[in-house]
Amino acid sequence: MNTPNYNALLQSLWTPPTTPITENSHSNHHLTEPTDITEFLGEELLWQQTIPATEPDLKNIPQDLPKQLITALQSLGINQLYSHQLKTLRAIRQGKSLILTSPTASGKTLSTYPGIIEGCINQEHRALAFYGLRALALDQCHKISQLLSSIPTKSRPVMAILTGDVKSEKREQILKSEPHILGVTPELIHFQLKQTWKSAPWANFYQRLRYILIDEAHTLAGSYGANMTWLMRRIKLAVDHYGGDSQKLQFIFLSATCGNPKQLALKISGLKPTKLNPKPLIWIRKSGAASPPRQVIVTQPSYNLTADTAGIIHFLHNQGKSGIAFCNSRRSVREVTELLKSHQVAAFYSGITSERRAEVVNQLQSGIIKWIIATEALEAGIDLPELECCVLRGWPGSKMAYQQRSGRAGRSQPGITVLLPNALNPIDCYVAEHPEMLVSGEVEEVFFNDQYPIFAAKHLMCAAAETGIPTHKIKHYFGTTAFDVAKLLLAQGHLNKGRNGLWAKGYPHKDVNFRGGLSQTTIKLVDATSGEELEEISADIAHREVHPQAIYKRQDAHGQMLTYQCISLDLNSKRAILKQTADSPLFTVAGTESQTSSLTVLTDPVKLPLLFSPNCDIDDCQEYLILELSFGEVKHITSGYNLMTQIYEQTCLNKRCLNYKEPLPQHQRCPLCHKLTRKAVIVKTLSEEKFEQPFLTQFSAPMVKVTMNSSAREYIQQFAKTTRTRLTRSGEPIPPGYQQLWEYSSNLIAIHSFGHQIMRALQLVARVDPKQVNFTVVQEIGENHNYTGYFYDTSDGGNGAAEAVFKHLPKLADAAGVIARDCHCDTGCAKCLIQHGCPDGNTALLKQMGLVLLDAMTSGRSKTIASGGA
């Protein structure tokens, strides 16, 4: 089968450590050994607040539940339910769909499964429970298996786990046991639907399917959420095809952190109000669970982030406390783990084997290890009641992620959350200036565009290859957009029309990048001596971390950090061969640059007038922005690496001092600035190496090209010149932020700031998740002052975000101007300008320069409307 022509259809700061902490690296000197975290932090403590404990609201278990289920609950010590658990049970028993949004550690699992188990016992119903992570699926299966094991064998429902770790042969064996409840990852069902026609156990399962449970629903943003929505539509089709009734499906959503939970659940489930059922989904939000007190602490922003994080963990560990520390990258996880040098500390990140993941969790539960250093791989709702503390090395990027990470600890006993902001990250500094946001109830909303035609095309192809699609039912299952897309696919010859509807050949499922990442290809890391598979990582990460001669570190099963050097990276065999070497202070850092280019223009250029002067007539306007929607290509090119070394030594951390991060052994105070010295990692570059053949990660996606015409560029240059003259003549020091006008081209500053400000308005105006689109600026070849901005989708094939920018840019400019002006900062901050993950490193940004373009566009639009234009 040929792949459809979808084109036509449409370094944060890190400090590698090797020396273990042997003394308190966070605080300089204590006359007596501190016993409290706030005392330990001393002057580094910025803010703290204690969230008080809450009392439970308990209700009796309904006595008309199956007796064996009541007995099983009581055998686990559950003699009453929290009020929200009882409401959830009642809703499920009444045949209702629901979303439950009680906080982390409030017993959401126990809220849902009694009702599901009752349906399995009494009516032989089946349930699909979706979990985004394999570790989460295993954790929940273990928890529910404890409950099921107390039910007599004769009436006991069977629960099984099916993830990518389970081989296909074993999956069929599991299905033959006729499980009532399947814990799965979305990708497994996405691929499995193609095989159902030749598997009687699967067909029987879909015929009896009644409950669809979706855990951690807040993670379903962008491409992930859109693909999940289309998967639900395909499941409904499969249920009806194999003799079930999709109208009777009950959807059960769980999430502790979502700003628009009901809207999200309705969108994914496809449930719509009717006269007979005006409220197809119930939202249960008030929790009746007890919760212990939690101390929330924010430290001063740190220039020594890895050592300070390790120092806090070291102190809490010595106080007998267990916990989890979250880092924003795999490399940071390894750095903190290595610096601690403790057998009771384990690293946990994507790429480690499933056996190692299970081993870490088991060792924590048995008390062998006390601390886990993790990436977002442990952010989801895995229940680890043993943990008391949560330490965050840097802001995780969103309030939603912060609450999820903080909720991993202090679940059954008083908890401590410590956030260490990165002093070199403007967004972290903004959080440090507004720490009260950590305890407010507001979190981000979840958005995705399920109507994006490429999503429709890919999933229609899948459905046609799975069950076929009855022609008269296309709109019923997939909506109006799908009908138009199906006609195009039919015209291209990728869909075929038969007596029973639309059908397709081949295996179109492989074209769906379910979570919207850059690459679906994975690379196995193999020990050169033993042949053992050590880890497995995505190809784009492999280009940066296991290129030839790369130094790679990992933790073994005994807690030891081992050093390897990459001998070869073979992208054809998808293997990187690593040879273990002696431990050393050396490490490598890959050099990667990005390139953005337009390939196929999808629209004619659109001119948006810029009225820089309020007295200018719209008909005489000579300045304008030019927009162009195209299908383009984004390349990430890893062309070489730096060989580096580091020492962990006493140094000066005063950034204005010449001794900043210079070795000062034996010095308690800096000889130059006389400030107290501290232990820190000092990094030096030894050499720069280039590859003969660079490593390339590329993807294609829609993008919006934004340029200023020559008259607009001239105006911006004159505005910047006038501003520089005014600031110079004032005789006052140049205000912070305005130095940009002397360091960068004024047109670069203006277009870059404009793009960032538009990004800030995406959620409000276009209902777009900002993580699904990015903005970068490219200098046109041969032109010193001509810069082009590109808004582009961040997933291969696109997700509809860039098209939303193209359609709504004037409205986005209106909202962005309001956001910028309402912000009380002077030159731009994380609230109105700084963008997490900016490809250009958040340089060349000035709030006022972006506002010049925003205001001019708003004025141009107003006069266009007033004159009767569009």
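Placed above this text is the structure.
This is a predicted model, so every value here is computed, not measured. (Residues numbered from 1 in each chain as written. Predicted model: local features only at pLDDT ≥ 70, side-chain atom pairs only at ≥ 80, totals over all residues. Heavy atoms only, no water.)

**Q** Tell me what's going on with the environment of Lys-286, and back it up with residues and numbers.
**A** Checked against the element boundaries, Lys-286 lands in the loop between β10 (281-284) and β11 (294-299). Here the alpha-carbon distance between Lys-286 and Leu-147, two residues 139 residues apart in the chain, equals 25 Å. (Helix = DSSP H or I, 4+ residues; strand = E, 2+ residues; numbered from the N terminus.)

**Q** Can you tell me about the pattern of salt bridges, naming the residues and giving the values?
**A** Note on pairing: side chains with opposite charge can pair once their charged atoms come close. Under the definition given, this model contains 28 salt bridges. In this structure, Arg-678 and Glu-44 form a salt bridge, with 3.9 Å as the shortest nitrogen-oxygen distance. Placement of the pair is Arg-678 in strand β27 (residues 678-708) and Glu-44 in the loop between α2 (37-41) and β1 (45-51), with a sequence separation of 634 residues. Taking the relative accessible area as the measure of exposure, Glu-44 reaches 23% and is therefore partly exposed. Salt bridges sharing partners connect three or more residues here, namely Glu-338, Lys-341, Lys-553 and Asp-583. (Salt bridge = Lys/Arg side-chain N within 4 Å of Asp/Glu carboxyl O. Buried < 20%, exposed > 50% of the residue type's maximum accessible area, 1.4 Å probe, protein only.)

**Q** Can you explain the sheet that holds strand β12 (residues 323-327)? Please cite residues and give values.
**A** Backbone hydrogen bonds hold the strands of a sheet together, and the pairing may be parallel or antiparallel. Overall, mixed pairing links the 7 strands, which are arranged β1-β11-β16-β15-β12-β14-β13 in an open sheet. Strands with a single pairing partner mark the edges of an open sheet, and in this sheet they are β1 and β13 (345-348). Within this sheet the neighbouring strands show an average axis-to-axis angle of 15°, counted without direction. Summarising the sheet, β13 and strand β14 (residues 371-374) pair through 4 bridges and their orientation is parallel. For Ala-347, the partnering residue across the bridge sits in β14 and is Ile-373. (Pairing = 2+ DSSP bridges. Axes fitted to C-alpha atoms, helices over the stretch in contact; angles between N-to-C directions.)

**Q** Explain the sheet that holds strand β9 (residues 250-254) to me, and be specific about the residues and the numbers.
**A** Read across the open sheet, the 7 strands follow the order β6-β7-β5-β8-β9-β4-β10; overall the sheet is parallel. Each edge of the open sheet is held by one strand with a lone partner, namely β6 (159-162) and β10. Each neighbouring strand pair of the sheet contributes to a mean axis angle of 15°, computed without reference to strand direction. As paired strands, strand β8 (residues 209-214) and β9 are joined by 4 bridges and run parallel to one another. What sits directly across from Leu-213, in β9, is Ile-252. The strands touched by helix α4 (residues 83-93) within the sheet are β4 (97-100), β8, β9 and β10, with β4 carrying the most contacts at an inclination of about 165°. (Contact = heavy atoms within 4.5 Å.)

**Q** Which residues make up helix α13 (residues 330-340), and what values do they have?
**A** Counting buried residues in α13 gives 11 out of 11 residues, a clear majority hidden from the surface. Along α13, the positions that sit buried rather than exposed are Arg-330, Arg-331, Ser-332, Val-333, Arg-334, Glu-335, Val-336, Thr-337, Glu-338, Leu-339 and Leu-340. A positive backbone phi angle near 50° is found at Lys-341, which sits one or two residues after α13.

**Q** How would you sum up the pairing of strand β28 (residues 773-779)? Please name residues and give values.
**A** Within β28, 5 of the 7 residues are buried, leaving the element largely enclosed by the surrounding structure. Note: β28 against strand β29 (residues 787-793), 7 bridges, orientation antiparallel. Counterpart to Val-777 in the pairing with β29 is Gly-789.

**Q** I'd love a proper account of the packing of aromatic side chains, names of residues and values included.
**A** Each aromatic ring pair is specified by the distance between its two centres and by the angle formed by the two planes. Summed over all chains, the structure comprises 15 aromatic pairs. Centroid distance Trp-395 to Tyr-402: 5.7 Å. Interplanar angle 25°. Geometry classified as stacked. Looking at Tyr-402, the relative accessible area reads 3%, which means it is buried. Centroid distance Phe-775 to Phe-791: 4.5 Å. Interplanar angle 45°. Geometry classified as tilted. Within this pair, whereas Phe-775 is found in strand β28, its partner Phe-791 is found in strand β29, the two being separated by 16 residues in sequence. Comparing Phe-775 with Phe-791, the two get one shared label, buried. An aromatic cluster is present here, built from Trp-202, Phe-205 and Tyr-206 joined pairwise through their rings. A cation sits over an aromatic face here: Arg-285 above Trp-283, 3.6 Å from the ring centre. A cation over a ring is seen here: Lys-475 above Phe-483, with NZ or CZ 5.0 Å from the ring centre. (Phe/Tyr/Trp six-rings, centres within 6.5 Å; stacked < 30°, edge-to-face > 60°. Lys NZ or Arg CZ within 6 Å of the ring centre and 35° of its normal.)

**Q** Explain the pairing of strand β16 (residues 415-420) to me, using residue names and the numbers behind them.
**A** Taken across its 6 residues, β16 has 6 buried, putting it largely inside the fold. The two faces of β16 match: Gly-415, Thr-417 and Leu-419 on one face and Ile-416, Val-418 and Leu-420 on the other face are all buried. Two strands pair when backbone bridges link them, and β11 and β16 are joined in this way by 5 bridges, in the parallel orientation. Among the inter-strand pairings, Val-296 is bridged to a residue of β16, identified as Thr-417. The sheet contact formed by strand β15 (residues 389-393) and β16 spans 5 bridges and is parallel. Note on β16: the bridge partner recorded for Cys-390 is Thr-417. A crossover links β15 with its parallel partner β16, the connecting element being helix α15 (residues 399-406), and its sense is right-handed. (Right-handed = clockwise from strand over helix to strand, strands pointing away.)

**Q** Provide a residue-level description of the nonpolar core, including the pertinent values.
**A** In summary, soluble globular proteins display a tendency toward joint burial of nonpolar side chains. One finds Phe-348 and Val-546 to be the most contacted residues of the largest nonpolar core, which totals 136 residues. Counting residues per element, this core draws most heavily on helix α25 (residues 801-822), at 12 residues. Discounting residues that sit within four places of it in the chain, Phe-348 has contacts with Ala-135, Val-333, Arg-357, Val-360, Val-361, Ile-372, Ile-373, Ala-374, Thr-375, Ala-377 and Leu-378. By size, the runner-up hydrophobic cluster in this structure holds 71 residues, among which are Ala-160, Leu-264, Leu-281 and Ala-504. (Core = buried A, V, L, I, M, F, W, Y, C linked by side-chain atoms within 4.5 Å.)

**Q** I'd like a description of the side chain of Thr-788, backed by residues and values.
**A** Positionally, Thr-788 belongs in strand β29. Of the residues examined, Thr-788 reaches a relative accessible area of 0% and is grouped as buried.

**Q** I'd like a rundown of helix α6 (residues 134-148), residues and numbers included.
**A** Along its 15 residues, α6 runs 21 Å from first to last C-alpha, staying within 8% of the 21 Å computed at 1.5 Å per residue. Where α6 is concerned, the buried positions are Ala-135, Leu-136, Ala-137, Asp-139, Gln-140, Cys-141, Ile-144, Leu-147 and Leu-148. Here the buried face of α6 lies against α3 (67-75), α5 (108-123), β6 and β13. (Expected span 1.5 Å × (residues − 1).)

**Q** Can you lay out unusual backbone geometry for me, pointing to particular residues and giving the numbers?
**A** A positive phi angle is found at His-674, which is not glycine, with a value near 70°. By the secondary structure assignment, His-674 is in the loop between β26 (624-651) and β27. In this structure, Asn-842 takes a positive phi of about 55° despite not being glycine. Within the secondary structure, Asn-842 sits in the loop between α25 and α26 (847-866).

**Q** Tell me about the packing of helix α10 (residues 222-241) against helix α11 (residues 261-269), and please be specific about residues and values.
**A** Contact geometry of α10 with α11 gives a least axis separation of 7 Å together with a crossing angle of 45°. Between α10 and α11, the interaxial angle falls into the category oblique. Between α10 and α11, the residues in contact are Met-228, Thr-229, Met-232 and Lys-236 and Lys-267, Ile-268 and Ser-269, respectively. Grouping the amino acids of the contact of α10 with α11 by side-chain chemistry returns 3 nonpolar, 2 polar and 2 charged. (Parallel < 35°, antiparallel > 145°, perpendicular 65-115°, else oblique. Nonpolar A, V, L, I, M, F, W, Y, C, P; charged D, E, K, R; others polar.)

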